[in-house]
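Here is what each chain is made of, one letter per residue.
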Amino acid sequence: MENYAIEMLNITKRFPGIIANDNITLQLKKGEIHALLGENGAGKSTLMSVLFGLYQPEEGVIKKDGEVVKINDPNDANRLGIGMVHQHFKLVECFSVLDNIILGVEPNTAGFLQKAEAKQKVLALSDKYGLQVDPDALIEDITVGMQQRTEILKMLYRDNEILIFDEPTAVLTPQEIQELMQIMKGLAKEGKSILFISHKLNEIMEVADRCSVLRKGKYIGTVEIANTTKEELSRMMVGRDVEFVVAKDPAQPTDVVLNVEGMTVASKMHHNNAVKNVSLQVRRGEIVCIAGIDGNGQTEFVYGISGLEPLKAGKIEFLGQDITKAPIRKRNVMGMSHIPEDRHKHGLVLDYTLENNLVLQRYFEPEFTSKAGFLRKGNIRKYAEKLIDQYDVRSGQGPITPARAMSGGNQQKAIVAREIDKNPELLIAVQPTRGLDVGAIEYIHKQIVKHRDAGNAVLLVSLELEEVMSLSDRILVMYEGEIVGELDPKTTTVEELGLYMAGAKRQ
Amino acid sequence: MLLLVQYTLVFASVLLLVALGGCISEHSGVINLALEGIMVIGALGGALVMKFLPYTHGESSQFLMFICVLGAAVLFGVIYSTLLAFACINLKADQTIVGTALNMLGTALATVVVKSMNTAISPDDHSSEIKYIDAKKAFLTNVGDFELNWFMIVAVIMLVVAFVLLYKTKFGLRLRACGEHPQAAASVGISVFKMRWAGVLLSGLLGGLGGITYITVGVSTWKFENGVAGFGFLSLAVMIFGAWHPFKIAGAALLFGLFRALGNVYNGFDFLKALNIPSAVYNMLPYIVSLIVLAFTSKKSRAPKAEGIPYDKGMR
Amino acid sequence: MKEKKSLLRNGGFQTFTTSIVCIILGMIVGFLALLIIEPSGAWGAIVAVIKNFFSYPSAAFRLQYFGSTLAKTAPLIFCSLSVLFAYKVGLFNIGAAGQYCLGIALALYLAIIVQLPWYICLLAGIAAGAISGALCGILKAFFNVNVVISGIMLNWISLYGTNLLLKPAMDPSGKDTFRLVNKAKQALLPTLGLDKLFNKNQYVTIAIPLAIIAAVVIWIILDKTKLGYELKATGNNLNAAKYCGMKENRNIVLTMVIAGGLAAMGGALYYLSDFEQWNVNASAVPGMGFNGIAAAFLGGLNPIGSIFSSYFITHITVGGGNVDLSRYCAQIADFISSVIIYLCGFVLFFKTFMNKRLDKAEEKKIARARAAAEAENKEGGNA
């Protein structure tokens with residue numbers, strides 16, 4: 001009889017229209033690091049929501065130390081010693097580290113907070129596990145790595161025995177990832193049981209003892225990491241062999257499309273400048289990638305080029321024209337397209353129909369608006385149908401589906417379709433494949449390469465190292481608002497890239 | 001001059017009480033646009049007690065009257081605020097529409113109640129007025145020439161209580177977490193619904209207090225058709241100007257109170273009288289000042305991040 | 001079966017149903033209030049509210065009072081269009097009440113004091129409201145001031161401003177401004193013979209057809225034009241509007257200009273029809289602007305719908321005046337309409353509730369069908 005810390009047996013959870021979890025079994029041994037592998041939409045988050053009592057499964061049971069338990073809400077999970085570091089941290093930005101750690105389990109006398117002893121406990125824990133934090137610092141002022149350590153301390157402070165890490169490495173530098181792996185191993189050694197949710201095979205191979213794989217809501221199997229390979233895991237996850245590299249010919253750059261000189265953009269988050277004196281060029285026929293850890297000025301850099309934020313200093317030339325002060329509409333009409341980082345914030349009007357979203361950049365053209373200012377709805381419909389067909393955008397009611405009702409992947413496809421179909425001279429693609437499954441990623445990568453091969457310039461901004469390495473022709477690394485290095489993806493390594501991204505190395 | 005100070009303080013007390021209510025509600029994540037209506041209903045509760053509770057000039061009777069009026073105003077305010085809480089928290093209704101509806105409803109309801117009551121007492125009386133000339137004296141004490149309104153003291157106490165509650169207690173920490181990042185609060189087992197209910201009910205309490213204070217300033221009869229003349233909204237301006245922090249709100253309330261008081265007492269100042277500015281201009285003053293102040297403070301204002309957004313368990 | 005489903009799912013149908021539900025619930029609450037006040041006359045009172053002019057015995061009278069109800073509906077349509085238009089662009093124009101005042105102020109001032117003809121008075125009134133709206137829009141777009149709060153502040157400023165401006169136009173025999181018939185005939189709105197249709201009710205003027213035309217124009221702008229596309233995009237997602245190169249700040253200001261102009265137009269037209277006079281000691285803004293909010297939401301935020309909802313609200317408000325005033329008060333109608341707006345806040349909830357029920361019913365049906373199919377398969381297998 002194995003000694004399991006927590007078991008989820010034959011869990012089935014249905015939602016209208018889909019079965020999110022179909023008879024899934026997950027058994028976590030005491031003191032092991034167990035990876036849960038699956039693509040976006042494979043059912044990992046639903047399974048975790050069931051574990052935390054946010055959803056009740058239609059079938060199946062959860063056992064803790066061999067006994068059936070009922071989990072109705074996160075409090076129950078907490079009482080059973082289950083804690084989780086969420087992919088998007090659950091931290092209150094304007095609270096201190098300490099306040100965030102004690103939130104929900106505040107030491108108090110008659111309701112009045114007693115923080116002194118809590119602080120001692122936090123400091124002791126951070127010493128024991130090597131989790132450096134400043135308890136009095138505000139969350140909004142500290143690095144992402146330290147925020148993650150705060151999240152881990154939150155679990156340890158509650159004496160949780162079962163620690164769940166949901167995609168913990170997405171926002172970290174390679175070096176920080178290494179640190180995290182060490183911390184996880186240390187925790188496991190202390191007897192904590194760890195569930196590590198990820199779709200990154202390298203990390204799983206490195207840190208996990210066993211791995212359970214989900215695909216499209218179904219349980220595929222559990223394997224010992226020692227007896228498996230990366231290729232096998234990937235086959236289990238996707239259901240077929242995947243190309244790890246994007247097929248593309250060497251770049252043949254020609255004339256300069258975008259020329260940026262000394263660009264400086266102020267930050268909205270802090271007093272410092274977010275982009276500091278950046279100069280670069282992008283040519284026809286090449287994909288230039290801005291790599292870096294999230295929050296190092298990439299967002300503001302793109303805002304500066306697309307016109308969403310004014311420049312504090314510097315100059316932008318596009319197709320030989322100075323557009324430093326040009327309004328956004330002019331840049332768009334001149335031939336700049338922008339696949340925005342946040343599709344809900346910028347990319348879509350969620351309450352508009354799909355067809356209205358597809359003409360968001362072109363509705364004012366004579367094809368779609370008559371001289372008197374009336375919309376040509378027939379033409380909009382025709383155009384939308386063409387794009388939907390060509391880019392395989394799927395939705396419930398076709399062109400009249402509200403954008404809100406579409407899946408994230410199809411929303412992203414719609415944006416990509418809209419932006420690429422404009423046939424722009426410069427395509428700015430920020431995180432174009434975020435949250436998509438492997439098939440959609442491959443498809444979008446192909447579209448981007450095709451666009452390059454047609455003689456256009458592409459400026460890619462990505463946080464995914466694999467994407468950076470496989471898609472780009474030239475890599476520029478951004479660190480704290482500056483370009484700290486230019487690398488050739490054919491000759492560089494992920495490790496070297498990481499050193500630049502972490503600011504440990506610069507040219 | 002003394003009169004100006006007196007009016008400033010008492011109007012500031014009203015604004016402070018109500019703005020603190022708005023502040024607590026917004027820290028929990030609910031924008032309370034219904035403060036105006038809550039004030040009216042709170043005032044109604046207090047006025048009814050003043051009308052019907054027998055009052056003699058003894059000290060014990062005075063104290064009893066004060067406690068009962070205060071209790072009734074609080075009770076009415078809290079009960080009325082449940083309408084907002086239920087709609088905005090449980091049913092996730094649009095907070096602006098519901099707030100507006102409750103403001104209109106407050107005045108309409110109070111008018112209907114007072115008119116029907118007056119008509120029932122004497123069939124020819126169709127006014128919406130309640131008189132409380134005698135009872136009002138229960139909350140006034142003269143300190144020299146200065147007329148101290150007990151509600152000023154209540155306001156100061158509430159200021160301290162609100163500060164301690166928000167920043168020194170477990171409850172306050174949880175409440176603010178719900179207004180900033182309800183998902184984070186929920187993930188550590190805090191019931192966002194409960195905390196938001198608490199926030200709204202507390203704002204009902206403070207709004208009711210503010211309402212009763214408002215109708216005892218300088219007058220001894222109140223016509224409920226008139227509502228409370230936008231004081232609920234002025235208080236929201238005070239709250240924004242005070243950056244959602246109790247002590248800063250107190251400062252803002254004093255400033256706005258001064259401008260409001262000018263409208264009541266400008267006749268007492270010879271140089272103001274000599275200017276011969278129509279009274280309508282003085283009436284407009286607090287509103288104009290608040291617009292200007294808002295124009296300069298709103299851009300950088302730091303409201304609780306999740307305010308106005310209904311909390312949905314399914315959203316993560 | 002399929003057709004029935006599509007009807008229940010239809011957004012317009014759902015809006016209509018929820019509005020009816022809101023009305024019925026509002027009426028029930030109103031009735032309960034009447035019962036509490038005085039049980040014996042409650043039924044009579046609620047009937048009086050609902051019947052309004054139908055309670056008059058002669059057909060001619062009924063027609064005349066129907067005309068009056070229509071004359072009062074017109075300004076409400078304008079106010080509800082004002083609220084609705086702004087709301088579609090994501091702005092809550094609670095300032096409609098103040099803009100309405102300013103429309104009245106300028107129109108009456110120019111009519112009575114300067115003795116200008118009606119169309120100039122009307123245009124000036126509209127301009128005043130539009131400027132006030134613009135101020136609200138500028139404060140929002142460039143200073144990030146909450147439109148609800150600035151709207152309320154502007155309401156009070158407008159109220160006192162109107163009192164100040166119209167003081168010289170006051171009829172010394174009372175507190176109201178002069179009747180236009182007596183002092184400013186040139187400013188009376190033309191009736192185009194409409195008055196004759198309603199038993200010579202001189203208050204039935206071009207204001208009524210203008211209100212309906214305005215509703216249709218707003219509907220066309222919002223639904224059929226590039227401008228509407230831009231404005232709605234700005235309202236739904238300011239960042240996306242900016243991202244695709246719309247001038248989002250201009251759109252906000254423009255919206256408020258139009259909304260302010262609409263509300264002011266309602267006020268100017270109504271007072272230029274001489275139906276009411278302005279009380280220069282008014283201590284609160286007229287309820288018309290706030291009722292506009294009720295009408296806009298009750299009409300399902302549809303310009304055409306707001307014609308009907310405005311009529312309904314006016315109908316019960318005027319009907320409120322018919323209750324037995326020795327026992328009840330006319331504000332019972334205000335009470336009912338504020339309950340109705342409160343309920344309108346739940347529209348989203350009603351709709352999701354309805355859709356969830358439909359989803360569940362469908363799921364059950366599918367499950368049943370699947371079970372039946374499986375059973376059939378089994379039988380087939382057995383055979």
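1. With respect to the overall build of chain A
- Per the secondary structure count, chain A includes 17 helices and 22 strands.
- For chain A, whose C-alpha radius of gyration is 25 Å, the value lies close to the compact-globule estimate of 23 Å for 507 residues.
- Referenced to the eigenvectors of the C-alpha coordinate spread, the extents of chain A come out at roughly 70 × 50 × 45 Å.
- Within the span of chain A, comprising 507 residues, buried residues form 57% of the whole.
- Accessible surface, chain A as shown: approximately 21300 Å² in total, 49% of it carbon and sulfur.
- For chain A, the separation between the mean place of its 61 positive charges and that of its 70 negative charges on side chains is 5 Å.

2. Describing the packing of helix H6 (residues 170-180) of chain B against helix H8 (residues 192-214) of chain B
All names here are of chain B.
- Running from N to C, H6 and H8 cross one another at 105°; their axes reach a closest spacing of 9 Å. With respect to each other, H6 and H8 are oriented roughly perpendicular. For the pair H6 and H8, contact is made by Phe171, Arg174, Leu175 and Cys178 and by Val192, Met195, Arg196, Ala198, Gly199 and Leu202, respectively.

3. A short note on the sheet that holds strand E14 (residues 273-283) of chain A
All names here are of chain A.
- The sheet built from four strands is open, its strands ordered E14-E13-E16-E17 with antiparallel pairing. Looking along the sheet, the strands with just one partner apiece sit at the ends: E14 and strand E17 (321-322).
- Here two bridges tie strand E16 (residues 313-318) to E17, and the two strands are oriented antiparallel to one another. Within the sheet, the bridge partner assigned to phenylalanine 318 lies in E17 and is glutamine 321.
- Set on the sheet, helix H9 (residues 298-306) makes contact with strand E13 (256-266), E14 and E16; between it and E13 the angle comes to about 120°.

4. With respect to the confidence of the model for chain C
All names here are of chain C.
- Looking at chain C, the pLDDT average stands at 88 and 94% of residues meet or exceed 70.
- Counting contacts from residues 1-5, a segment whose pLDDT is below 50, to residues more than four positions away or on other chains yields two contacts.
- Under the prediction, the complex receives an ipTM of 0.87, its pTM being 0.85.

5. Some details on the domain arrangement of chain A
All names here are of chain A.
- If you check the domain split of chain A, you get domain 1 (4-238), domain 2 (251-335 + 426-432 + 456-507) and domain 3 (341-423).
- The C-alpha centroid of domain 2 is placed 34 Å from the C-alpha centroid of domain 1.
- Each side of the interface is counted separately: domain 1 has six residues, and domain 2 has eight residues.
- Buried area between domain 1 and domain 2, both sides added, is near 600 Å², and the carbon and sulfur share of it is 64%.
- Taken as a group, Thr173, Pro174 and Gln175 account for 58% of the area that domain 1 buries against domain 2, more than any other trio of residues on that side.
- Counting across the interface, domain 1 meets domain 2 through zero residue pairs in polar contact (both at pLDDT 80 or more).

6. A look at the sheet that holds strand E18 (residues 336-339) of chain A
Residues and elements named next belong to chain A.
- Judged by pairing direction, the sheet is mixed, and its six strands sit side by side in the order E18-E19-E20-E15-E21-E22 without closing on themselves. Only two strands of the sheet have a single partner each, and these edge strands are E18 and strand E22 (482-487). On average, adjacent strands in this sheet sit at an angle of 20° to one another, irrespective of strand direction.
- Bridge count between strand E21 (residues 474-479) and E22: five bridges; the pairing is antiparallel.

7. Some points on the interface of chain C and chain A
- At the interface, 20 residues of chain C touch 28 residues of chain A.
- It is Lys226, Tyr229 and Tyr243 of chain C in chain C that bury the most area against chain A; as a group they hold 38% of the surface buried on that side.
- At the boundary of chain C and chain A, one finds zero salt bridges.
- Applying the counting rule to chain C against chain A returns 16 residue pairs in polar contact (both at pLDDT 80 or more).
- Put simply, the parts of the chain that give the side of chain C that touches chain A at least two residues each are helix H10 (207-224), helix H11 (226-236) and helix H12 (238-243) of chain C.
- Residue contributions to the side of chain C that touches chain A peak at seven residues, all from H11 of chain C.
- The residue makeup of the side of chain C that touches chain A, split by class, is seven nonpolar, six polar and seven charged.

8. Let's talk about the nonpolar core
- Membership of the largest hydrophobic core comes to 291 residues, with the highest contact counts inside it found for Phe165 and Leu233 of chain A, Tyr214 and Phe224 of chain B together with Trp278 of chain C.
- Top element by residues in this core is helix H1 (residues 2-28) of chain B. It accounts for 14 residues.
- Filtering out sequence-adjacent residues up to four positions away, phenylalanine 165 of chain A remains in contact with Val85, Ile152, Met155, Leu180, Met184, Leu187, Ile194, Leu195, Phe196 and Ile197 of chain A.
- With 59 residues, the next largest nonpolar core counts Leu308, Leu471, Leu487 and Tyr500 of chain A among its residues.

9. A closer look at the side chain of asparagine 410 of chain A
- By the element assignment, asparagine 410 of chain A lies in helix H14 (residues 408-421).
- Apart from residues no more than four positions distant in its own chain, asparagine 410 of chain A is found in contact with Asp392, Val393 and Arg394 of chain A.

10. Topic: the packing of aromatic side chains
- Under the counting rule described, the total for this entry stands at 38 aromatic pairs over all chains.
- Taken together, a centroid distance of 6.2 Å and an interplanar angle of 75° make the contact between phenylalanine 269 of chain B and phenylalanine 271 of chain B edge-to-face.
- Residue classification places phenylalanine 271 of chain B among the exposed residues on the basis of a relative accessible area of 58%.
- Between phenylalanine 53 of chain C and phenylalanine 66 of chain C, the aromatic rings sit 5.1 Å apart at their centres with planes inclined by 50°, giving tilted as the arrangement. Of the two residues, phenylalanine 53 of chain C is situated in the loop between helix H3 (42-51) and helix H4 (59-88) and phenylalanine 66 of chain C in helix H4; the sequence distance between them amounts to 13 residues.
- Taking relative accessible area as the criterion, phenylalanine 66 of chain C reaches 26% and is therefore assigned partly exposed.
- Grouping aromatic residues by their ring pairs yields a cluster made of Tyr7, Phe11, Tyr214, Trp222 and Phe231 of chain B.
- Above the face of the tyrosine 443 of chain A ring, lysine 413 of chain A is positioned so that its terminal group lies 6.0 Å from the ring centre.
- Directly above the aromatic system of phenylalanine 275 of chain C lies the positively charged group of lysine 72 of chain C, at a separation of 5.3 Å from the ring centroid.

11. Here we look at the environment of glutamine 87 of chain A
- Mapped onto the fold, glutamine 87 of chain A is located in the loop between strand E6 (82-85) and helix H3 (97-102).
- Judged by relative accessible area, which is 36%, glutamine 87 of chain A ranks as partly exposed.

12. Topic: the interface of chain C and chain B
- The partner chain B presents 46 residues to the 40 residues of chain C that form the contact.
- A combined buried area of about 3900 Å² lies between chain C and chain B, and 80% of that area is made up of carbon and sulfur atoms.
- When the buried surface of chain C facing chain B is broken down by residue, Met153, Tyr160 and Tyr342 of chain C rank first, second and third, together holding 17% of it.
- The interface formed by chain C and chain B includes zero salt bridges.
- Here chain C is connected to chain B by six residue pairs in polar contact (both at pLDDT 80 or more).

13. Quick notes on H6 of chain B
- With nine of 11 residues buried, H6 of chain B lies mostly within the body of the structure.
- Within the span of H6 of chain B, buried status applies to Gly172, Leu173, Arg174, Leu175, Arg176, Ala177, Cys178, Gly179 and Glu180 of chain B.
- Residues of H6 of chain B that are buried sit in contact with H3 and strand E8 (112-113) of chain A together with H1, helix H5 (150-168), helix H7 (182-187) and H8 of chain B.

14. A closer look at unusual backbone geometry
- The phi torsion at glutamate 480 of chain A lies on the positive side, around 45°, for a residue other than glycine.
- Of note, glutamate 480 of chain A is situated in the loop between E21 and E22.
- Take glutamate 480 of chain A: its relative accessible area is 45%, and that puts it in the partly exposed class.
- Positive phi, close to 60°, is recorded for tryptophan 244 of chain B, a residue that is not glycine.

15. Brief notes about the pattern of salt bridges
Residue and element names in this part refer to chain A.
- A complete count under the given rule lists 39 salt bridges over all chains for this structure.
- The residue lysine 119 makes a salt bridge to aspartate 136 at a minimum N-O spacing of 2.9 Å. On the criterion of sequence distance, the pair formed by lysine 119 in helix H4 (residues 115-129) and aspartate 136 in the loop between H4 and helix H5 (144-157) is long-range, its members being 17 residues apart.
- Its relative accessible area of 26% is what places lysine 119 among the partly exposed residues.
- Measuring nitrogen to oxygen at the nearest pair gives 3.9 Å for the salt bridge that ties glutamate 161 to lysine 192. Remark: lysine 192 occurs in the loop between helix H6 (174-189) and strand E10 (193-198) and glutamate 161 occurs in the loop between H5 and strand E9 (162-166); sequence separation between them is 31 residues.

16. Overview of the environment of tyrosine 363 of chain A
All names here are of chain A.
- If you trace the backbone, tyrosine 363 turns up in the loop between helix H12 (354-358) and helix H13 (377-391).
- Take tyrosine 363: its relative accessible area is 0%, and that puts it in the buried class.
- Sequence separation between tyrosine 363 and glutamine 182 is 181 residues, and the spatial gap between their C-alpha atoms is 53 Å.
- A distance of 2.9 Å separates the side chain of tyrosine 363 from the side chain of arginine 329, its partner in a polar contact.

Here is what the cut-offs are and how they apply
- Residues numbered from 1 in each chain as written.
- Chains lettered and ligands numbered in written order.
- Predicted model: local features only at pLDDT ≥ 70, side-chain atom pairs only at ≥ 80, totals over all residues.
- Heavy atoms only, no water.
- Helix = DSSP H or I, 4+ residues; strand = E, 2+ residues; numbered from the N terminus.
- Rg over C-alpha atoms; globule rule 2.2 N^0.38 Å.
- Buried < 20%, exposed > 50% of the residue type's maximum accessible area, 1.4 Å probe, protein only.
- Areas by Shrake-Rupley, 256 points an atom, 1.4 Å probe, with all protein chains shown as cover.
- Lys, Arg positive; Asp, Glu negative; His and termini not counted.
- Charge placed at Lys NZ, Arg CZ, Asp CG, Glu CD.
- Axes fitted to C-alpha atoms, helices over the stretch in contact; angles between N-to-C directions.
- Parallel < 35°, antiparallel > 145°, perpendicular 65-115°, else oblique.
- Contact = heavy atoms within 4.5 Å.
- Pairing = 2+ DSSP bridges.
- pLDDT = per-residue confidence, 0-100.
- Domains from an automatic or database assignment.
- Buried area = accessible area lost by both parts, 1.4 Å probe.
- Polar contact = N/O pair within 3.5 Å; in protein donor to acceptor, adjacent residues only side chain to side chain.
- Salt bridge = Lys/Arg side-chain N within 4 Å of Asp/Glu carboxyl O.
- Nonpolar A, V, L, I, M, F, W, Y, C, P; charged D, E, K, R; others polar.
- Core = buried A, V, L, I, M, F, W, Y, C linked by side-chain atoms within 4.5 Å.
- Phe/Tyr/Trp six-rings, centres within 6.5 Å; stacked < 30°, edge-to-face > 60°.
- Lys NZ or Arg CZ within 6 Å of the ring centre and 35° of its normal.

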